[in-house]
Structure formats: C-alpha cells, structure tokens
Amino acid sequence: MQSKKSFDLRCQSDIEDRAKEFVQTLEPKNGKAVTVALSGDLGAGKTTFTKECAKIIGVKENVASPTYVLMRIYDIDFKGFKKYIHIDAYRLKGKEELLNLGWDDLIKNPEHLIFIEWPEMVSGAIPNDAINLSFLHGDDENHRIFLRQI
Ligand code: ADP
Ligand code: MG
C-alpha cells in the first residue's frame, strides 16, 4: 500500500524546500518517461509547484502556465532527463485530445520528465506508475497542503 505524507505550504521557502526534496527523488526509468500527476482544485498550487521544480531542474526560461497552450517543452540536462514537459489538461475533453498531442510517444521516451496538471481530465491515459501529487487549499489565503506518496 502506498502511504501519503502531508506537508504545509505557508510561504515561498516551504514551496522551495518541498520541491527540492521531491526533485531529488526523481530518477529516469528504463524504456519510459517519468510522469508526475498533479491533482487539486483551481488555485491549489499545482502550477506554482511545477514552476519551482522546473527552476531546480535547470529550466532557464520562465515556466508560463500552459493552460492556454496545453503543453510546453523545455530542454534540460538533469540526471539523464533531456526534456521537461509541462501539460495542463484542464481544457482537454478527454484522453483522445491528449493522444492527439502525441502522448503515446511522449511517455515512451525515458529522457522525458512530464508534469501534468488535471490528470483526472485524461485519467485513462495516465500510466499506472505515475507519481501522484495532490494540493489542497488550507485555512487561509496563503496556506496550501501538499500530499505526496512516500
Ligand atoms: P493551480 O495550478 O493549482 O490552479 P496555481 O499554482 O496557479 O494553482 O495558483 C496558486 C495561487 O495561490 C498562486 O497565485 C499562488 O501565488 C497562491 N498561493 C498562495 N499561497 C500559496 C502556497 N502556500 N502554495 C502555493 N500557492 C500559493
Ligand atoms: Mg495550474
């Protein structure tokens, strides 16, 4: 059984620390991409966390929210990963639309590190071994809760 650990995010340094810890756990797989699925309501902190991870991994460009472009691909050189792929599935109407973005090829490539927001919009397409992260709104405007498998 997978157990989940919950962390409070109350300030920028909490987000940075949790992102650093998480990024350290990422390792390329044999014959397939690593997929990170980020769940949580609008404004719960998925994009914020993704951007923080991108910075740590060495993405130079500003990581814009891909809500309107669906997918952005960045060059990286991190532990054998060569592409950092950020997808926001919020506007997708099902997994067919994800497949149209070339999803099958994206998840086959072990040099790909994929962060996908709103995985529940395309649930049938998310690999079983995806790493699941969840974000929740907390007690106030600046409090979020971050859950990850340990
Ligand atoms: P999502 O991608 O889940 O819709 P975003 O990361 O785009 O969420 O937005 C989260 C918003 O909440 C941002 O405006 C961010 O500045 C704000 N925020 C406030 N406190 C936090 C926190 N502790 N962690 C993450 N985001 C926070
Ligand atoms: Mg987002």
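Structure: see above.
Per chain, the residues get numbers from 1 upward, laid out in the order the sequence is written. Chains and ligands are labelled by the order in which they are written, letters from A for the one and numbers from 1 for the other. In view of the model being predicted, local features appear only for residues whose pLDDT reaches at least 70, and side-chain atom pairs are presented and counted only at 80 or more, with totals across whole chains, interfaces and linings using the full set of residues. In computing side-chain values, all of the structure's heavy atoms are included and hydrogens and water are not.

For the purposes of this entry, the term helix denotes a DSSP run of H or I that reaches at least four residues, the term strand denotes a run of E that reaches at least two, and both are numbered from the N terminus. Structurally, Lys 60 is set in the loop between helix H2 (46-57) and strand E3 (71-78). Remark: exposure states derive from per-residue accessible area (1.4 Å probe, protein chains only) relative to the maximum for the residue type, with buried under 20%, exposed over 50%, and partly exposed in between. Look at Lys 60 and you get exposed, because its relative accessible area is 74%. Taking the C-alpha atoms as reference points, Lys 60 and Tyr 74, 14 residues apart in sequence, are found 8.5 Å from one another.

Strands are treated as partners if at least two bridges between them are detected by DSSP. Pairing analysis gives four bridges linking strand E2 (residues 34-39) to strand E6 (residues 131-137), with the strands arranged parallel. Directly across from Leu 38, in E6, lies its bridge partner Leu 133. As paired strands, E6 and strand E7 (residues 144-149) are joined by five bridges and run antiparallel to one another. Bridged to Leu 136 within E7 is Ile 145. Linking E6 to E7, which pair antiparallel, is a turn of six residues.

The next thing to look at is the side chain of Asp 88. Within the secondary structure, Asp 88 is located in strand E4 (residues 81-88). Two residue types count as positive, namely Lys and Arg, and two as negative, namely Asp and Glu; His and chain ends fall outside the count. Salt bridge criterion: a side-chain nitrogen from Lys or Arg within 4 Å of a carboxyl oxygen from Asp or Glu. For the buried Asp 88, no salt bridge is present, and the opposite-charge side chain at shortest range is Arg 91, 6.9 Å distant. Polar contacts, as used here, are pairs of N or O atoms within 3.5 Å; protein pairs need one atom able to donate a hydrogen and one able to accept it. Residues neighboring in sequence count only if both atoms are side-chain atoms. Here the side chain of Asp 88 touches Tyr 90 through a polar contact of 2.9 Å, landing on its backbone nitrogen.

Protein-derived coordination of the magnesium ion (ligand 2) comes from Thr 47 (OG1) and Glu 117 (OE), at a distance range of 2.1 to 2.2 Å. Taken together, the positions of Thr 47 in helix H2 and Glu 117 in strand E5 (residues 112-117) put the pair 70 residues apart, joining distant regions of the chain. Of the two residues, Thr 47 and Glu 117, both sit in the buried class. Each metal site lists N, O and S donors within 2.8 Å (3.2 Å for Na, K and Ca). With water left out of the atoms, a site can look as if it is missing ligands.

Okay, the nonpolar core next. Residues enter a nonpolar core if they are buried and are Ala, Val, Leu, Ile, Met, Phe, Trp, Tyr or Cys, with the set joined through side-chain atoms within 4.5 Å. Val 36, Phe 49, Tyr 84, Leu 113 and Phe 115 are the most contacted members of the largest nonpolar core, which has 26 residues in total. Breaking this core down by element, the ones donating at least two residues are strand E1 (4-9), helix H1 (12-24), E2, H2, E3, E4, E5 and E6. Leu 106, Ile 107, Trp 118 and Ala 130 belong to the second largest nonpolar core, which has 17 residues in total.

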